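# Understanding the architecture of this molecule
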Amino acid sequence: MLRKGSELVKGDREVLLDMDYGGAAHSTDGYGSLHNGSYIPPRCLSAADEDMDADDPIHAHCNTRSQQPGPQLGNYFRDGRTKIDFVLVWEVRSQRKRRGKGKSGEESSRSERKKAQLAKWRDKFVLNLEAAGLLMEKEETANEKKTVHFLKLSAPWDVLVYYAEELCVRAPLQAQTNLDLNTSARVLSRLCIPNVMMEAVPNRPLDYYTCAFRKSKMNRFLGCDDHESYFTNTQRHRVVYEILARTVYGKRKRAEVGVDRLVNEGVYAAAFPLHEGPFQLPRYETGPEELNQRQILYHYWARWWKWYKYQPLDHIREYFGEKIALYFAWLGFYTAWLLPAAVVGTLVFVSGVMSMGTNTPAKEICSGEAGYLMCPLCNTCQAWNMSEICTMAKLGYLFDHPGTVFFSVFMSFWAVTFLEYWKRKMATLAHHWDCMDFHEEEERPRPEFAAMAPSMERNPVTGVKEPYFSEKTRFTRMFTGSMVIIMMLCVVMIFLVTVVVCRGIISVMMFHTGSPVLRTEAGTIATISGSIVNLGLILLMGQVYTALAEQLTKWEMHRTQTQYDNAFIFKVFIFQFVNFYSSPFYVAFFKGRFVGYPTNYGTLFGMRNEDCGPGGCLIELAEQLFIIMVGKQLINNIQEFIIPKVKAWHQKRSLSKVLGSQASHEPRRWEEDYQLVECEGLFEEYLEMVLQFGFITIFVAAFPLAPLFALLNNWVEIRLDAHKFVCEYRRPVAERAQNIGVWFNILEALSHLSVIANAFLIAFTSDFLPRLLYQYKFDNDLNGYVNFTLAYAPLNYTENPMCRYKAYRDDNGNYTLFYWELLAVRLGFIIAFEHVVFFVLRAIDWIVPDVPESLQLKMKRERYLAKQALAENQEALLGGKGQEAATASQGTSSPASDASFGNLN
């Protein structure tokens, strides 16, 4: 039934390169098709083509499940031997149901023409898949309203071999011992400390020395005789998806190619590989080795009480592919590094609590002996006594003491060291998973790009005509999109001003109540209320802008999916950066800087500019960070827990209506997977974690507990994401990747920004430098510091001529000499801080190599084995090397070309 290699290559070239291919291949005996267990050659399908039903033109005369029930065989065709590698699903409403809609004749005719076009595309697509070598079997589930069709696809051995070479699939040369990649496990083992995080997970994939697959030397690969299990399920999925993505279904001039565009056009409702059976553990007792891959991931990873165990990364990679495995590896690595940051931050916070009683300025404020009469905080407010803010003065010391300066320096080193060691971890995993030198092949145009491109041009690399869009026009659209982004950022600034005005109004209202408690806590109440309003606006604007950014990126007509993803990520991150961080930046660096002084106050819309609260701006910044960061994390976790369940319930309810007449029948694997939620990718997951990384690095001087809250959130996040991928999402197509992509560049930018932000935060927002300079010039115990920081209102300020306000000014409102000395100290501190930190960071970058020495040695060993596999006269080559070297090189293969030695992992 299978064609020979040369015929396979020729047939595939005809289908995949000739986009006007119209199904001529089915005039010869090709692979044929399996329909409900019966083999139907292509010529029979072409004969049936003349007499096909408009709703199901290909399989009108095939037996359906209700007509020919078969045994439950899991992820196999009805023969029990042919593996199901992919499933295509489409739904067809009954003719009677459509006629009962009461549509006008023109609308009904238009609808019928559209459905006929979709059926024609589906017909041609399936015929071309058949000519490309895929085996097929069809199932139907129907009731009186609609029919759900499931087309199961399988790639036979010859197809897998052909595409394995074309896609440069890595093939095993020699087995080796699985490496222990957990640094913490090795450290605990050397210290003889019991490791409660370690757990033996059964059926761990073997580790191999590998090189690129070549059919001509297949006999040198390990396990090449076992056709059933030589290629893993994820490799089979990738091969079938490659065929689905390349196969045409329409006309060449419209570039009607690929299953993704068919799903977008509504030809298919879904296209997905199957899960490896149910995730629930069997009711009867069974050994761990007998569990399927999905059950192992659920039992040893996705369950909540596994929160303290290591993630089985090799199993995740084996099941979901390298791209998803790298996300979970990064998230686990980041969470592990948060542990020391959380411990140090908690100790800094505790030290602040324990040293509150030694805060001399707070003692002076609370004693009330001096009785500082403070100037009114608004035009209609009354003067107040400084002793009223005793509690806030004490609490402010928790976030503004020398320990926070140390912690900000520590976190600057932590951020860059974390990224340096992640590069090492990433290189180790990329080699371990055979992706060290992986690069995307020449990418095909995106389906949306192909559908909307106005012209066709020849690709200079492949020589094939492809959809083309003018670079000049794209640049114009990108420039226009940038203007829209700037407008949206201005909207964010408007909302920020609105929140500022809202805080001012709330503060004035608290003062006018006359209550001593409300008057004392007016600033705190206004800050907390404004932060809650700000969080709501942030989440609302984030949803609106994400949808807008998606439409803008589509409109810009990026050719490849990588270009599209990078442009979309950049847009959304820039907006979310301003959206989430604008309010904390305002409180940290602008609030209280433009207040003015009595007789010369600065105003905004007739209201006096905001001043920092009684405890200082750092405590307000800590309140903002707590509400925005923790509030966002709680809302996101609730959404991630509820929304997939609601979507799955809706999908299951829709299909259960069709299955109602067959309720006694156990749902098949493809039916159960169709009820699951489509995997939406990793964008939202990365975005959430990168924004969190910004919170715990940029503003950490004001909120030492931020790493602790991030650590607690990430423990929950890992389990939520694991449960979604294992239990609630359809299985995504396994994608290869060697790193986390553009997100690493964003993390690096945030880590460098955090050094600058913390330097300015300590210099201008904290009282650390003013206290230090006062200690140096006047009193080491800070006696009289509060009185020194307060100025008298000018004499012509007749309302309260002897009131005080916080500033380094004389009686006429001019800056004192101490102010200019302090400014010089602040600027000097910023320069020294940045230079020292960046110098140490560069030293860390130089000292810590991106690729570990042990990995470099392993790569050399693998290149040696690959060279042995390439040698045509292997016996002569190995004659003088001894039996051991000869044994080590058994079963090796050559890479795709002789020039690829340097690219072998």
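Going along each chain's sequence as written, the residues are numbered from 1 onward. Under the rules for a predicted model, residues below a pLDDT of 70 receive no local features and side-chain atom pairs below 80 are neither given nor counted, while totals for whole chains, interfaces and linings still include all residues. Side-chain figures throughout are based on the complete set of non-hydrogen atoms in the structure, without hydrogens or water.

### Thoughts on the environment of Leu291
In this structure, Leu291 sits in the loop between β8 (270-272) and α9 (293-302). Buried means the residue's accessible area, taken with a 1.4 Å probe over protein chains only, is under 20% of the maximum for its type, while exposed means over 50%, and partly exposed covers the values in between. Judged by its relative accessible area of 10%, Leu291 falls in the buried class. A sequence separation of 89 residues divides Leu291 from Pro202, and the C-alpha atoms of the two residues are 8.7 Å apart. Should any heavy atoms of two residues lie within 4.5 Å, those residues are considered in contact. Those residues within four positions of Leu291 in sequence are excluded, and the remaining contacts are Asn203, Leu281, Pro282, Thr286 and Ile296. Every helix listed is a DSSP run of H or I at least four residues long, and every strand listed is a run of E at least two residues long, numbered separately from the N terminus.

### Section: a positive patch on the surface
Here, patches come from residues exposed beyond 30% relative accessible area and free of salt bridges, joined within 9 Å for like charges and within 5 Å for nonpolar side chains (Val, Leu, Ile, Met, Phe, Trp, Tyr). Only the protein chains shown count as cover for residues, and all accessible areas are computed by the Shrake-Rupley method using a 1.4 Å probe. The term salt bridge refers to a pairing of a side-chain nitrogen on Lys or Arg with a carboxyl oxygen on Asp or Glu at a separation within 4 Å. In this tally, Asp and Glu contribute negative charge and Lys and Arg positive charge; neither His nor the terminal groups of the chain are included. Every charge is mapped to an atom, namely NZ of Lys, CZ of Arg, CG of Asp or CD of Glu. Taken together, the side chains of Arg93, Lys114, Lys115 and Lys145 present a region of like positive charge at the surface. Mapping Lys114 onto the fold places it in helix α4 (residues 105-131).

### A closer look at the sheet that holds strand β3 (residues 86-93)
By definition, two strands form a pair when at least two bridges between them are found by DSSP. Strand order in the open sheet made by the four strands is β4-β5-β3-β8, with antiparallel pairing throughout. Only two strands of the sheet have a single neighbouring strand rather than two, namely β4 (135-142) and β8. The mean inter-strand angle of the sheet, taken between neighbouring strand axes irrespective of direction, is 15°. Of the strands in this sheet, β3 and β5 (146-154) are in contact with helix α7 (residues 233-246), which crosses β3 at around 50°. Convention adopted: a line fitted to C-alpha atoms gives each axis, helices being fitted over their contacting stretch, and angles between N-to-C directions are expressed from 0 to 180 degrees.

### Observations regarding a nonpolar patch on the surface
Taken together, the side chains of Trp304, Ile638, Phe641, Ile642, Val646 and Val716 present a nonpolar region at the surface, about 530 Å² in accessible area. It is helix α20 (residues 617-658) that contributes the most residues to the nonpolar patch, four residues altogether. Positionally, Ile638 belongs in helix α20.

### Structural notes on the state of the cysteines
To count as a disulfide, a pair of cysteine sulfur atoms needs to be within 2.5 Å. Using the criterion set out here, one finds two disulfides in the structure. Paired through a disulfide, Cys366 and Cys390 show a sulfur-sulfur distance of 1.9 Å. Between Cys366 and Cys390, the S-S torsion sits near 100°, and that sign places the bridge as right-handed. Taken together, the positions of Cys366 in helix α12 (residues 360-367) and Cys390 in helix α13 (residues 390-396) put the pair 24 residues apart, joining distant regions of the chain. Residue Cys390 is classed as buried on the basis of its relative accessible area, which comes to 16%. Disulfide pairing places Cys375 opposite Cys803 at an S-S distance of 1.9 Å. Across the S-S bond of Cys375 and Cys803 the torsion is about 80°, and the bridge reads as right-handed. Of the two residues, Cys375 sits in the loop between β9 (373-374) and β10 (384-385) while Cys803 sits in the loop between β17 (790-792) and β18 (804-806), which places them 428 residues apart along the sequence. Under the relative-accessibility criterion, Cys803 is labelled buried at 0%.

### Quick look at the nonpolar core
Formed by 106 residues in total, the largest nonpolar core has its most connected members in Trp330 and Trp414. Looking at which element gives the most residues to this core, the answer is helix α11 (residues 322-354), with 17 residues. Beyond its immediate stretch of four places on either side in the chain, Trp414 contacts Tyr334, Trp337, Leu338, Ala341, Phe693, Ile696 and Thr697. The nonpolar core is taken to be a set of buried Ala, Val, Leu, Ile, Met, Phe, Trp, Tyr and Cys residues, with the residues joined through side-chain atoms within 4.5 Å. With 44 residues, the next largest nonpolar core counts Leu88, Met136, Leu160 and Phe231 among its residues.

### Regarding the side chain of Glu276
The residue Glu276 is located in the loop between β8 and α9 in this model. In this structure Glu276 comes out as buried when scored by relative accessible area, which is 17%. Polar contact criterion, stated in full: a pair of N or O atoms within 3.5 Å, where within protein one must be able to donate a hydrogen and the other to accept it, and residues adjacent in sequence count only if both atoms are side-chain atoms. Of the polar contacts made by the side chain of Glu276, one reaches the side chain of Arg731; its length is 2.7 Å. Apart from residues lying up to four places away in sequence, Glu276 is in contact with Asn75, Asn233, His237, Asn292, Gln293, Arg294, Tyr319 and Arg731.

### Examining the pattern of salt bridges
Throughout the structure, instances matching the rule amount to 27 salt bridges. Residues Glu550 and Lys554 are paired through a salt bridge, measuring 3.9 Å at the closest nitrogen-oxygen approach. Here Glu550 and its partner Lys554 are both found in helix α18 (residues 522-555), four residues apart, which amounts to about one turn of the helix. Note on Glu550: relative accessible area 32%, which makes it partly exposed. Note that Lys647 is salt-bridged to Glu680, the shortest N-O span being 2.7 Å. Separated by 33 residues along the polypeptide, Lys647 in helix α20 and Glu680 in the loop between α21 (669-674) and α22 (683-698) bring together distant segments of the chain. Each of Arg78, Glu137, Glu139 and Lys152 takes part in one network of salt bridges that share partners.

### A closer look at helix α25 (residues 768-777)
Of the residues making up α25, those classed as buried are Leu769, Pro770, Arg771, Leu773 and Tyr774. For α25, the elements touching its buried residues are α12, α24 (742-765), α26 (785-789) and α27 (817-847).

### Topic: the packing of α24 against α27
Geometrically, a packed helix pair is captured by the angle between its two axes and the distance between the axes. At a closest axis distance of 9 Å, the pairing of α24 and α27 adopts a crossing angle of 155°. Taken together, the axis directions place α24 and α27 in an arrangement best described as roughly antiparallel. For the pair α24 and α27, the sense of crossing is right-handed. When α24 is examined against α27, the residues His752, Val755, Ile756, Ala759, Phe760, Ile762, Ala763 and Phe764 are found in contact with a partner set consisting of Leu823, Arg826, Leu827, Phe829, Ile830, Phe833, Glu834, Val837, Phe838, Leu841 and Arg842. Our angle categories are set so that under 35 degrees counts as roughly parallel, over 145 as roughly antiparallel, 65 to 115 as roughly perpendicular, and the remainder as oblique. Helix crossings are classified by the rotation of the near helix relative to the far one: an anticlockwise turn of less than a right angle makes the crossing left-handed, while a clockwise turn makes it right-handed.

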